[in-house]
Amino acid sequence: RVVAMSVSHSSRLNKLVREQYMKLPQDGLVQVTYVWIDGSGEGVRCKTRTLDKEPKSIEDVPEWNFDGSSTAQAEGSNSDMFLVPIRMFRDPFCLDPNKLVLCEVLKYNRKPAETNLRHTCKKVMDLVKDSHPWFGMEQEYTLLGINGHPYGWPDNGFPGPQGPYYCGVGADKVYGRDIVESHYKACLYAGVKICGTNAEVMPSQWEFQVGPCEGIEMGDHLWMARFILHRVCEDFGVVATLDPKPMTGNWNGAGCHTNYSTEEMRREGGLKHIEAAIEKLSKRHDYHICVYDPRGGRDNSRRLTGHHETSNIFEFSAGVANRGASIRIPRQVGQDGYGYFEDRRPAANCDPYAVTEAIMRTTVLNETGVETKDYADH
């Protein structure tokens with residue numbers, strides 16, 4: 001019996017017809033797609049306008065606006081929100097000279113929208129720039145059919161237990177590689193700092209890595225990589241979810257492990273600076289858990305159980321090569337005596353701006369407790 005895969009109707013449209021139109025010349029005009037984070041703090045939105053020449057830098061892209069009442073970001077009676085361009089990428093869907101532009105969202109009074117977490121992250125990164133913080137984030141996600149069921153799983157029942165799927169090869173081991181490889185190439189074309197990908201432990205779960213990125217660049221590149229992922233999945237008619245525990249039971253959840261170092265950690269003898277940073281993190285576990293998913297830790301509580309390669313959400317732990325710890329020091333770093341460490345607590349649906357900002361506040365700015373300091377006047 002042939003089982004029809006659950007894909008969207010639009011993915012079944014004749015793509016050859018689309019190609020006929022995509023090849024038409026633009027006569028010097030340029031399509032610029034503005035991308036922003038919506039009121040959920042997880043979703044991305046976009047809309048496109050025409051510019052009369054190709055922008056060469058972000059300063060060449062004008063501000064724009066949108067209806068915030070339709071994105072859970074404003075009241076209908078005062079709904080205009082500002083889109084402020086902050087980073088430009090090549091457009092892998094409409095191709096050169098067209099652009100994708102990541103934007104910050106400001107309210108009518110020019111103050112940052114509630115889900116604009118980049119604003120404070122940028123302030124913190126400017127304060128700590130002399131420490132040259134590098135980040136690499138490992139974005140796990142799960143492919144779902146349009147019916148919400150994991151893509152490629154049996155309609156009634158489950159695939160075989162976990163074991164053969166991680167970094168797997170073969171039609172009975174991995175589902176959706178076409179999507180993964182298309183996303184990878186699209187990110188490379190766009191200029192996103194994607195550095196790898198692999199099939200994950202749960203079937204139809206995948207991961208891509210972005211980095212190394214310095215400072216605010218980390219959040220910018222990961223958010224654009226997420227936008228491109230959702231857009232590629234749209235073409236294939238499936239859904240990518242960043243839910244930290246998409247399937248209950250004996251299945252791995254999805255995280256966004258964050259690798260981090262400062263310049264002094266990367267130098268000879270840097271291990272003592274790594275250990276000092278971990279000591280600071282150990283005393284601020286509750287604060288980090290609160291900012292490592294969009295719901296103050298409630299999403300992560302489904303994932304951080306102490307099982308399935310996770311630490312327990314209520315306990316802080318660290319160890320060399322230990323994937324069941326909050327913080328993992330890679331084996332090679334332990335041997336070399338310098339390098340980086342991995343915070344394994346952030347959920348797949350975390351905001352990378354919030355995660356990287358929190359790490360800098362604790363390890364470089366030496367903040368303690370659950371309250372954060374406002375550096376606006378400094």
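Residues numbered from 1 in each chain as written. Predicted model: local features only at pLDDT ≥ 70, side-chain atom pairs only at ≥ 80, totals over all residues. Heavy atoms only, no water.

Draft legend 1. Region of the structure containing the overall build of the chain. Secondary structure assignment for the chain yields 10 helices and 13 strands. Computed over the C-alpha atoms, the radius of gyration of the chain is 21 Å, within 12% of the 21 Å expected from 2.2 N^0.38 for a compact globule of 378 residues. Projected onto its principal axes, the C-alpha positions of the chain cover 60 × 60 × 40 Å. Counting across all 378 residues of the chain, residues that qualify as buried make up 50%. Within the chain, residue pairs in contact and separated by at least 24 positions form 67% of the contacts whose partners lie at least 6 positions apart. For the chain, the exposed surface amounts to about 17800 Å²; the carbon and sulfur share of it is 51%. Distance from the positive charge centre (44 side chains) to the negative charge centre (51 side chains) of the chain: 1 Å. (Helix = DSSP H or I, 4+ residues; strand = E, 2+ residues; numbered from the N terminus. Rg over C-alpha atoms; globule rule 2.2 N^0.38 Å. Buried < 20%, exposed > 50% of the residue type's maximum accessible area, 1.4 Å probe, protein only. Contact = heavy atoms within 4.5 Å. Areas by Shrake-Rupley, 256 points an atom, 1.4 Å probe, with all protein chains shown as cover. Lys, Arg positive; Asp, Glu negative; His and termini not counted. Charge placed at Lys NZ, Arg CZ, Asp CG, Glu CD.)

Draft legend 2. Representation of the nonpolar core within the structure. Counting residues in hydrophobic clusters, the biggest one holds 71 residues, and the most contacted among them are Tyr 141, Leu 143, Met 224, Ile 228 and Phe 341. Taken together, domain 1 (9-114) and domain 2 (125-364) each give at least three residues to this core, which thus spans both. Each residue touching Leu 143, except ones within four places of it in the same chain, is listed here: Pro 150, Tyr 151, Tyr 175, Gly 176, Ile 179, Ser 204, Trp 206, Cys 233, Val 238, Val 239 and Ala 240. Grouped together as the second largest cluster of nonpolar side chains are 14 residues, Tyr 34, Trp 36, Cys 103 and Val 105 included. (Core = buried A, V, L, I, M, F, W, Y, C linked by side-chain atoms within 4.5 Å. Domains from an automatic or database assignment.)

Draft legend 3. Up close: a nonpolar patch on the surface. A cluster of nonpolar residues, Val 17, Tyr 21 and Leu 24, forms a patch on the protein surface that exposes about 310 Å² of accessible area. Its location among the elements puts Leu 24 in the loop between α1 (15-22) and β1 (30-37). (Patch = residues over 30% accessible without salt bridge, like charges linked within 9 Å, V, L, I, M, F, W, Y side chains within 5 Å. Salt bridge = Lys/Arg side-chain N within 4 Å of Asp/Glu carboxyl O.)

Draft legend 4. Examining the side chain of Asn 252 more closely. Relative to the helices and strands, Asn 252 is located in the loop between β9 (239-241) and β10 (256-261). Relative accessible area serves as the criterion here: at 8%, Asn 252 is assigned to the buried category. Within the structure, the side chain of Asn 252 is placed 3.3 Å from the side chain of Glu 309, a separation counted as a polar contact. Each residue touching Asn 252, except ones within four places of it in the same chain, is listed here: Gln 162, Val 201, Met 202, Gln 205, Lys 245, His 308 and Glu 309. (Polar contact = N/O pair within 3.5 Å; in protein donor to acceptor, adjacent residues only side chain to side chain.)

Draft legend 5. Spatial organisation of the sheet that holds strand β3 (residues 64-67). Strands sit in the order β2-β1-β5-β4-β3 across an open sheet of five strands; the sheet is mixed. The open sheet is flanked by β2 (44-51) and β3, the only strands paired with a single partner. For this sheet, the mean angle separating the axes of adjacent strands, direction not counted, is 40 degrees. Judged from the four bridges that link them, β1 and strand β5 (residues 99-106) form a sheet pairing that is parallel. Counted as the bridge partner of Thr 33 is Leu 100 from β5. (Pairing = 2+ DSSP bridges. Axes fitted to C-alpha atoms, helices over the stretch in contact; angles between N-to-C directions.)

Draft legend 6. Region of interest: the packing of aromatic side chains. Evaluated as defined, the whole model comprises eight aromatic pairs. Here Trp 153 and Trp 251 contribute two aromatic rings whose centre-to-centre distance is 4.8 Å and whose plane-to-plane angle is 45 degrees, an arrangement assigned as tilted. In this pair, Trp 153 sits in the loop between β6 (134-144) and α3 (177-190) while Trp 251 sits in the loop between β9 and β10, placing the two residues 98 residues apart along the sequence. Take Trp 251: its relative accessible area is 8%, and that puts it in the buried class. Ring pairing ties together the aromatic residues Phe 135, Tyr 260 and Phe 341, which thus form one cluster. Across from the ring centre of Trp 64, 4.1 Å away, lies the NZ or CZ of Lys 47, which sits over that ring. (Phe/Tyr/Trp six-rings, centres within 6.5 Å; stacked < 30°, edge-to-face > 60°. Lys NZ or Arg CZ within 6 Å of the ring centre and 35° of its normal.)

These figures come from the coordinates and say nothing about function on their own.
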